[in-house]
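Below are the chains, spelled out letter by letter.
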Amino acid sequence: MSARFEGSYLGDAGKIASDAVLECKICWHVYDPAIGDDTRQIKAGTPFSALPDDWRCPQCDGERDQFMVVHAGTAPIPPAPTLAMLAIEKARRLTDAFRDIHDNKMRDTPFTNRSLAVEAIGFRPWDGHILGVLVVPWFMNLVLMPGPEDDWGHFRTGEKHIFTFPSGDYEFVFNQRPSTGPYFACSLFSPMEDFSSQLQATDTARMVMAALFDPASRAAEDDRAGEIRALREADLAAEADRTKAVEETAAATVAVVEPMPSRRALLTLGQNKPGEDAA
């Protein structure tokens, strides 16, 4: 006989396997799923957890919730975690890690916005990976974390990689921490001084996630690039005309135009400022 497993059923079907054997703690009557219960016409093969709610010990009428586990049987096989479940867990680990960094290292630094807190926004499965926005009081990043099929062991901290989304191509930087594992980060805002509240920051993060998957954002950037090129050509033509009218061509000034906006600037509606990502 196998070793006795001490524990009450107590109505918790998650504690026992379908073939677990239990006994009444009052009269020691044994319920074996392989046998069933003739007195209540319970067929063989019926797990103890599947017995009718009004089933009681056929020998002493004791309550079913007070039966004790005699043989644990085959341990239930836990369901494989889904990618959505993995996204929730990874977002939690990321949040816990950066809350610890904030509390122990960053809380009193001058570039920490005291109106903000650490929060993971919109983490979801994407292309076999986990994607979301991490908001902390000193930066806001797009974060890409590995899915169950990803092997990122060959990446090195600081290594850059381009990921393509419906709105365009974005550069991410690889990082890893013991408490979170590996991840890629794309800086959106750093520092966070322009945000006056957590709500404003989280609303912006959600807008970023929406814009990231909007193909219109790519078209808008292409259109803007065309406009910038046209303006540049017009400026050059005007400059050529001015140069002809000036005796000393060396004194001619070169027209200045604004640089083409990056995809990150477009994604963040032009709000982001250059700064070092502290992730």
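1. Topic: the nonpolar core
- The biggest cluster of nonpolar side chains holds 27 residues, and the ones touching the most others in it are Val133, Met140, Leu142 and Phe172.
- Among the elements of the structure, strand 4 (119–126), strand 5 (129–136), strand 6 (139–145), strand 7 (160–165), strand 8 (168–177), strand 9 (181–189) and helix 2 (198–212) are those that each provide at least two residues to this core.
- By residue number, the principal contributor to this core is helix 2, which donates 5 residues.
- In contact with phenylalanine 172, not counting residues within four places along its chain, are Leu142, Leu144, Glu159, Lys160, His161, Phe163, Phe165, Phe184, Ala185 and Cys186.

2. Digging into helix 1 (residues 83–106)
- Counted at 1.5 Å a residue, the expected span for helix 1 with its 24 residues is 34 Å, and the 32 Å between its end C-alpha atoms agrees.
- Among the residues making up helix 1, those that are buried are Ala87, Lys90, Ala91, Leu94, Thr95, Ala97, Phe98, Ile101, His102 and Met106.
- Residues of helix 1 that are buried sit in contact with strand 4, strand 5, strand 6, strand 8 and strand 9.

3. Let's talk about the sheet that holds strand 3 (residues 67–71)
- Strand order in the open sheet made by the 3 strands is 2-1-3, with antiparallel pairing throughout. Taken across any chain shown, the strands that pair with only one partner, and hence form the sheet edges, are strand 2 (30–31) and strand 3.
- Of the strand pairs in this sheet, strand 1 (residues 21–24) and strand 3 are connected by 4 bridges, and their pairing is antiparallel. Counterpart to valine 21 in the pairing with strand 3 is histidine 71.

4. Observations concerning the environment of histidine 102
- By the element assignment, histidine 102 lies in helix 1.
- Using a relative accessible area of 14% as the deciding quantity, one classes histidine 102 as buried.
- Along the sequence, histidine 102 and threonine 112 sit 10 residues apart, while their C-alpha atoms lie 8.8 Å from each other.

5. Digging into the environment of leucine 51
- Topologically, leucine 51 is positioned in the loop between strand 2 and strand 3.
- For the pair formed by leucine 51 and aspartate 37, sequence separation is 14 residues and the distance between their alpha carbons is 9.7 Å.
- Residues contacting leucine 51, with those up to four places away along its chain left out, are Tyr31, Ile42, Thr46 and Arg64.

Calculation rules
Residue positions are given per chain, counted from 1 along the sequence in the order it is written. Note on the predicted model: pLDDT of at least 70 is required for a residue's local features to be given, and 80 or more for side-chain atom pairs to be given and counted; whole-chain, interface and lining totals, by contrast, use all residues. Based on all heavy atoms of the structure, the side-chain values leave hydrogens and waters out of the count. Definition used in this section: a nonpolar core is a set of buried Ala, Val, Leu, Ile, Met, Phe, Trp, Tyr and Cys residues joined via side-chain atoms within 4.5 Å. Each residue's exposure class comes from its accessible area (1.4 Å probe, protein chains only) as a fraction of the maximum for that residue type: buried when under 20%, exposed when over 50%, partly exposed otherwise. Put simply, DSSP marks the helices as runs of H or I at least four residues long and the strands as runs of E at least two long, and each gets a number from the N terminus on. Throughout, a residue-residue contact means that at least one pair of heavy atoms, one from each residue, lies within 4.5 Å. Here a helix's expected span is defined as the number of its residues, less one, multiplied by 1.5 Å. Two strands pair under a simple rule: DSSP has to find at least two bridges between them.

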